[in-house]
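Here's the letter readout for the chains.
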Amino acid sequence: MSNILNLKNKKGWIELITGCMFAGKTEEFIKRLRRYQYANQNIIVFKPAIDDRYGQKEIYSHSRMNIDAIPIQNSEELIKVFNEKNKNKNIDVIGIDEVQFLDENIVNVLDNFANKGIIVIASGLDKDFRNRPFKNVDKLLVNAEYIDKLTSICHKCGGNGTRTQRIIDGKPASLDSPLIFIAANEKYESRCRHCFEEPR
Ligand SMILES: [Zn+2]
């Protein structure tokens, strides 16, 4: 059986799933965690408490795949919950969705888990709506052993969607609109390099 301090089999690494919105990140995330689950690995899945689009205790992909997830406020709470669960049975795999919404300490926390022999699967947006690197994902792109950068279909031209355009009242959101906010009159589109409109 696995032991978190048993590194004989050199297990423990970080897998990052990233890209823009509508690229199927969550679906890939769930698929990968399920695969470890079928292989009888003890998995635990977290998500930032901010993301409660569909349900409190689950993560759903746009195609309605779902997996149980524990909502957490910050990296400190993640460690607390992990230690609690790990007491009963050693955890082999940690999943963390929307990692860009957590505090920046999460990068070190995930590094430590991987060093201790745990497989970490993180998912998150590589860029915000301004086309700037999103926190945490920027560092995970450097730290992770395995990276999958997924693309989507550009909403305008059908090309390769690599950017997320935030639309408010039918127009690209301005540069100073808050990074994280959910409004009824806002929506997101994936866009290619050429169709993306730089927010002003
Ligand atoms: Zn395009």
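Rules used throughout
Residues numbered from 1 in each chain as written. Predicted model: local features only at pLDDT ≥ 70, side-chain atom pairs only at ≥ 80, totals over all residues. Heavy atoms only, no water. Pairing = 2+ DSSP bridges. Helix = DSSP H or I, 4+ residues; strand = E, 2+ residues; numbered from the N terminus. Donors = N, O, S within 2.8 Å, 3.2 Å for Na, K, Ca; no water. Tetrahedral: all angles 85-135°; square planar, octahedral: opposite > 155°, others 65-115°. Buried < 20%, exposed > 50% of the residue type's maximum accessible area, 1.4 Å probe, protein only. UniProt positions renumbered as here; feature names shortened; annotations may be inferred. Contact = heavy atoms within 4.5 Å.

(A) Quick look at the sheet that holds strand β12 (residues 171–172). Reading across the sheet, the three strands line up as β12-β11-β13 and stay open at both edges, with antiparallel pairing between neighbours. A single partner strand is all that each edge strand has here, and the edge strands are β12 and β13 (186–191). Judged from the six bridges that link them, strand β11 (residues 163–168) and β13 form a sheet pairing that is antiparallel. The residue of β13 that forms the bridge with Ile-167 is Lys-187.

(B) Geometry of the coordination of the zinc ion. Surrounding the zinc ion are the protein donor atoms Cys-154 (SG), Cys-157 (SG), Cys-192 (SG) and Cys-195 (SG), at 2.3 to 2.4 Å. In this structure, the zinc ion is surrounded by four donor atoms whose angles at the metal cover 103 to 115 degrees, and the resulting shape is tetrahedral. In primary-sequence terms, the residues that donate to the zinc ion follow C-x2-C-x34-C-x2-C. Residue Cys-154 is found in the loop between β9 (152–153) and β10 (160–161), and its partner Cys-195 is found in the segment after β13; the two are separated by 41 residues along the sequence. Judged by relative accessible area, which is 4%, Cys-154 ranks as buried.

(C) How the structure looks around unusual backbone geometry. A positive phi is found at Glu-98, a non-glycine position, where the angle reads about 50 degrees. Mapped onto the elements of the fold, Glu-98 is located in the loop between β6 (93–96) and α3 (106–115). The buried category is assigned to Glu-98, whose relative accessible area is 10%. Unlike most non-glycine residues, Asn-131 shows phi in positive territory, near 75 degrees. Counting through the fold element by element, Asn-131 comes out in the loop between β7 (119–125) and α4 (137–143).

(D) Region of interest: the UniProt feature "binding site: ATP" (unreviewed entry) in the chain. This chain's UniProt record puts "binding site: ATP" (unreviewed entry) on Gly-19, Cys-20, Met-21, Phe-22, Ala-23, Gly-24, Lys-25, Thr-26, Asp-97, Glu-98, Val-99 and Gln-100. For Lys-25, the location among the structural elements is in helix α1 (residues 25–38). If sequence neighbours within four positions are ignored, Lys-25 has contacts with Ile-17, Thr-18, Gly-19, Cys-20, Ser-123, Gly-124, Leu-125 and Leu-150. As for its position among the elements, Val-99 is in the loop between β6 and α3. Once you skip the residues sitting within four places of it in the chain, Val-99 turns out to touch Ile-106, Leu-110, Ala-122, Ser-123, Gly-124, Asn-136, Val-137 and Leu-140.

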